[in-house]
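Residues per chain, in single letters:
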Amino acid sequence: MRLKTIQIAAALGAAIAFILAFMAAGAMLASLAFALIGAALIAWIAYGVAKSLLDRRLAHARHRPLPPSVR
């Protein structure tokens, strides 16, 4: 059976569609990976800031002089 021009064009179109689909899937995975890395870095920064503030607050509370009624 001899292929017609329309069949060859459809096969080329399908091949291009598959290539574009795989490229889009790869871009989506890369985008997802960078989004997760960014979210993890923001969480790490927020944790560091909160820990620093809590440590400073606890250190300040430890060195506060006792009121006269407690002595």
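Residues numbered from 1 in each chain as written. Predicted model: local features only at pLDDT ≥ 70, side-chain atom pairs only at ≥ 80, totals over all residues. Heavy atoms only, no water.

Asker: Is there a simple way to think about a nonpolar patch on the surface in this case?
Answerer: On the surface, Phe34, Ile37, Leu41, Trp44, Ile45, Tyr47, Val49 and Leu53 cluster together into a nonpolar patch covering about 950 Å² of accessible area. Position of isoleucine 45 among the secondary structure elements: in helix 1 (residues 5–62). We classify isoleucine 45 as exposed; its relative accessible area is 53%. (Patch = residues over 30% accessible without salt bridge, like charges linked within 9 Å, V, L, I, M, F, W, Y side chains within 5 Å. Areas by Shrake-Rupley, 256 points an atom, 1.4 Å probe, with all protein chains shown as cover. Salt bridge = Lys/Arg side-chain N within 4 Å of Asp/Glu carboxyl O. Helix = DSSP H or I, 4+ residues; strand = E, 2+ residues; numbered from the N terminus. Buried < 20%, exposed > 50% of the residue type's maximum accessible area, 1.4 Å probe, protein only.)

Asker: Before we go on, may I ask you to explain the environment of alanine 59 in this structure?
Answerer: Locating alanine 59 in the fold gives a position in helix 1. The exposure class assigned to alanine 59 is partly exposed, which follows from its relative accessible area of 26%. Taking the C-alpha atoms as reference points, alanine 59 and leucine 20, separated by 39 residues in sequence, lie 58 Å from one another.

Treat this as a map of the structure, not an account of what it does.
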